[in-house]
Amino acid sequence: MIETLIWIAVALFAIGLYLSWTAGRLDRLHARIDAARAALDAQLLRRASVTQELATSGVLDPAASIVLYEAAHAARQAEEEHREVAESELSTALRAVFGESAQVEAVKEYPGGEDAAGELAAAVRRVPMARRFHNDAVRAARALRRHRTVRLFRLAGHAPFPLAFEMDDEPPVALAARPVS
């Protein structure tokens, strides 16, 4: 009888240890998602800010300046439920303006244009990386949350179900070819 109770206690301890470890892992994944989202938000804000700065610098033609400024402003001001669309539209505007290397070369001819083009190139290349890190963390958390044990014991608590950030983040060809500064 005592031996049976000892084995039951060991089994319950092992189950509790496993559940605790799984809950901790899930918590770490949610923390990783939060950190990756903050990094993604920072990169998106940097891209929009650099784009607005370039659009108002006077180095672009007026039509390109207006297109870039409006897209960047919309991306910066977008509410969370419309942010993916606004950021995709900024990517489209950047590709439209900097689709050919001639526009990048024209920007570099102005004083400070070399730095502005380099900063924008770095910003547009960092966005896909930050989005990939975020979406990888979301994918890992979703996979763990789909496990029967996690659902049965409600190990996710009240944490919202993680959502991927889906947007068009392909950089303009002329800017993507520049070396990172």
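Residues numbered from 1 in each chain as written. Predicted model: local features only at pLDDT ≥ 70, side-chain atom pairs only at ≥ 80, totals over all residues. Heavy atoms only, no water.

Which residues make up helix α4 (residues 101-109), and what values go with them?
Burial in α4 covers these residues: Gln103, Val104 and Val107. The arc that holds every buried residue of α4, seen down its axis, measures 100 degrees, which confines them to one face. Exposed positions of α4 whose direction lies more than 90 degrees from the buried face are Ala102 and Glu109. For α4, the elements touching its buried residues are α1 (2-55), α3 (83-97), α5 (113-145) and α7 (173-176). (Buried < 20%, exposed > 50% of the residue type's maximum accessible area, 1.4 Å probe, protein only. Helix = DSSP H or I, 4+ residues; strand = E, 2+ residues; numbered from the N terminus. Arc of directions from axis to C-beta. Contact = heavy atoms within 4.5 Å.)

Kindly report on the nonpolar core, identifying the contributing residues and their values.
Counting 25 residues, the largest nonpolar core has Leu60, Leu68, Phe98 and Leu120 as its most contacted members. What leucine 120 contacts, discounting residues up to four positions off in sequence, is Arg47, Val50, Thr51, Leu54, Leu94, Phe98 and Leu175. Val138, Ala141, Leu144 and Val150 belong to the second largest nonpolar core, which has nine residues in total. (Core = buried A, V, L, I, M, F, W, Y, C linked by side-chain atoms within 4.5 Å.)

So what's going on with the packing of α1 against helix α2 (residues 62-77)? Residues and values would help.
Between α1 and α2, the least distance of the axes is 8 Å, while the angle of their chain directions is 150 degrees. Relative to α2, the element α1 lies roughly antiparallel. As for how α1 packs across α2, the hand of that crossing is left-handed. Counting all contacts with α1, which are made through Leu45, Ala48, Ser49, Thr51, Gln52 and Ala55, the residues of α2 involved are Ser65, Leu68, Tyr69, Ala72, His73 and Arg76. Broken down by class, the residue content of the contact of α1 with α2 amounts to six nonpolar, five polar and one charged. (Axes fitted to C-alpha atoms, helices over the stretch in contact; angles between N-to-C directions. Parallel < 35°, antiparallel > 145°, perpendicular 65-115°, else oblique. Left-handed = near helix turned anticlockwise from the far one by under 90°. Nonpolar A, V, L, I, M, F, W, Y, C, P; charged D, E, K, R; others polar.)

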